[in-house]
Amino acid sequence: MEFLRNFFIDGFVQGDYTYGVVHVLSIVMVLVFIPLLVYRFKGKDSDYIYEKLKWFAIITLVIFVVRRGFDVYKGRDFLDTFWPFYLCNLNTIVISLAVIFKVKKGQEFFIITGMLGAVLMFVVPVGVFNDKYITITILDSVLSHYEIVIIPVVLLVTKAYVLDIKKSWQVFAGLFILLFNVEVLQPILVNRQVDYLFVRGTLPFTIDGVPQIIIMLFSIALYVYLIYFIFYAVQGRIKFKK
């Protein structure tokens, strides 16, 4: 019982364990799982891939809900707990549902931004690895970010999902909607303001005199079109001169 209480509620040995054993192992595992799954699904049709990834999505979504249920039990506001202010939270919910119900269209925003959010978490895991051992909170964060990077990469590499640069506007439209969600709706819904999108200089890359939101927008645009470039190049849709 003590183990379960520590795992779900109290934690074991709390502190900042960024780049500790659990953090490093989580990075190693994601680097192992991606090529293994790509190899496993190579040559398979999209229905088969979605069907197999469905169980990963279901487990991730269940852990996502259970973790937040315990947060509410510990006294956190329900709406503040479950409303998807974080980009990664929104991606976890939508990508999970898309895979579970085999929604193969309209995922441009989530496929591209999911990978970005996951990479940022593993590189700059602010407040994630806050215990020496795995707790429900750490498990939820790791699984959610595994999902939003592993599933998009697997879908793209196996061609179960095909990016279309003509739909890139969806990515930016989604980001502006999320910006409105965080900067405008957040104080209205939960009566507080948290910099969930790192637009106020809480990330390590800043330029004196330049608003962080401008840096973020430029960086995201560069990232988005780099993903399209890499995807098209791998697909052979970009011809390089010899």
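Position numbers for residues count from 1 along each chain, tracking the sequence in the order it is written. Selection of residues for local features in this predicted model requires a pLDDT of at least 70, selection of side-chain atom pairs for listing and counting requires 80 or more, and totals for whole chains, interfaces and linings are taken over all residues. Calculated side-chain values reflect all of the structure's heavy atoms, with hydrogen atoms and water omitted.

In low-pLDDT regions, the fine details of the predicted coordinates are not to be read closely. You can read pLDDT as the predictor saying how much it trusts each residue, on a scale of 0 to 100. Across the protein chain, the average pLDDT comes to 90, with 96% of residues at or above 70. Within the protein chain, helix α3 (residues 46-73) carries the highest mean pLDDT (95), whereas helix α6 (residues 108-123) carries the lowest (87). Strands here mean DSSP runs of E at least two residues long; helices mean DSSP runs of H or I at least four residues long; both are numbered from the N terminus.

Further remarks concern the environment of Lys-44. Its location among the elements puts Lys-44 in the loop between α2 (21-41) and α3. Distance from Lys-44 to Ser-96, taken between C-alpha atoms, is 20 Å for residues 52 residues apart in sequence.

Below, the discussion takes up the pattern of salt bridges. Salt bridges are defined as contacts in which a side-chain nitrogen from Lys or Arg sits within 4 Å of a carboxyl oxygen from Asp or Glu. Taken as a whole, this structure holds 10 salt bridges when the rule is applied. Across the pair Asp-71 and Arg-67 runs a salt bridge, and its minimum N-O distance is 3.0 Å. Here Asp-71 pairs with Arg-67, and both are found in helix α3, just four residues apart, close to one helical turn. Overlapping salt bridges bring together Arg-67, Arg-68, Asp-71, Lys-74 and Asp-140 as one network.

The next point concerns a nonpolar patch on the surface. Exposure above 30% relative accessible area and the lack of any salt bridge qualify a residue for a patch; like charges then connect within 9 Å, and the nonpolar side chains Val, Leu, Ile, Met, Phe, Trp and Tyr within 5 Å. All accessible areas in this document rest on Shrake-Rupley with a 1.4 Å probe, and a residue is counted as covered only by the protein chains that are shown. Together, Tyr-19, Val-24, Val-28, Met-29, Val-32, Phe-33, Leu-36, Val-119 and Val-123 make up a nonpolar patch on the protein surface, roughly 770 Å² of accessible area in all. Mapped by element, the contributors of at least two residues to the nonpolar patch are α2 and α6. With respect to the helices and strands, Val-123 occurs in helix α6.

Before going further, it helps to spend a moment on the nonpolar core. Across soluble globular proteins, nonpolar side chains have a tendency to be buried as a group. Working definition of a nonpolar core: buried Ala, Val, Leu, Ile, Met, Phe, Trp, Tyr and Cys residues. They are joined through side-chain atoms within 4.5 Å. Buried, partly exposed and exposed residues are distinguished by accessible area as a fraction of the type maximum, computed with a 1.4 Å probe on protein chains only: under 20%, between the cut-offs, and over 50%, respectively. Judged by nonpolar contacts, the single largest core of 63 residues is most densely connected at Leu-53, Ile-112, Ile-150, Leu-155 and Leu-163. Sorting elements by how many residues they give to this core places helix α7 (residues 136-157) first, with 13 residues. Contacts are residue-level and defined by heavy atoms, with any inter-residue pair within 4.5 Å sufficient. Here Ile-112 is in contact with Leu-163, Val-171, Tyr-223, Val-224, Ile-227 and Tyr-228, once residues within four sequence places are set aside.

Helix-helix packing is characterised by the crossing angle of the two axes and by the distance between the axes. For every element, the axis is a line fit to its C-alpha atoms; helices are fit only across the contacting stretch, and the angle between N-to-C directions ranges from 0 to 180 degrees. With their axes 9 Å apart at the nearest point, helix α5 (residues 87-100) and α6 run at an angle of 135° to one another. The angle between α5 and α6 falls in the class oblique. As α5 packs across α6, the resulting crossing turns out to be left-handed. Facing α5, whose interface residues are Leu-87, Cys-88, Leu-90, Asn-91, Val-94 and Ile-95, α6 presents Phe-109, Phe-110, Thr-113, Gly-114, Gly-117 and Ala-118. When residues are sorted by character, Ala, Val, Leu, Ile, Met, Phe, Trp, Tyr, Cys and Pro go into the nonpolar class, Asp, Glu, Lys and Arg into the charged class, and all the rest, Gly among them, into the polar class. When its residues are assigned to classes, the contact of α5 with α6 shows eight nonpolar, four polar and no charged. With respect to orientation, any angle under 35 degrees is reported as roughly parallel, any angle over 145 as roughly antiparallel, any angle of 65 to 115 as roughly perpendicular, and every other angle as oblique. In this scheme the handedness of a crossing depends on how the near helix is turned from the far one: anticlockwise by less than a right angle means left-handed, clockwise means right-handed.

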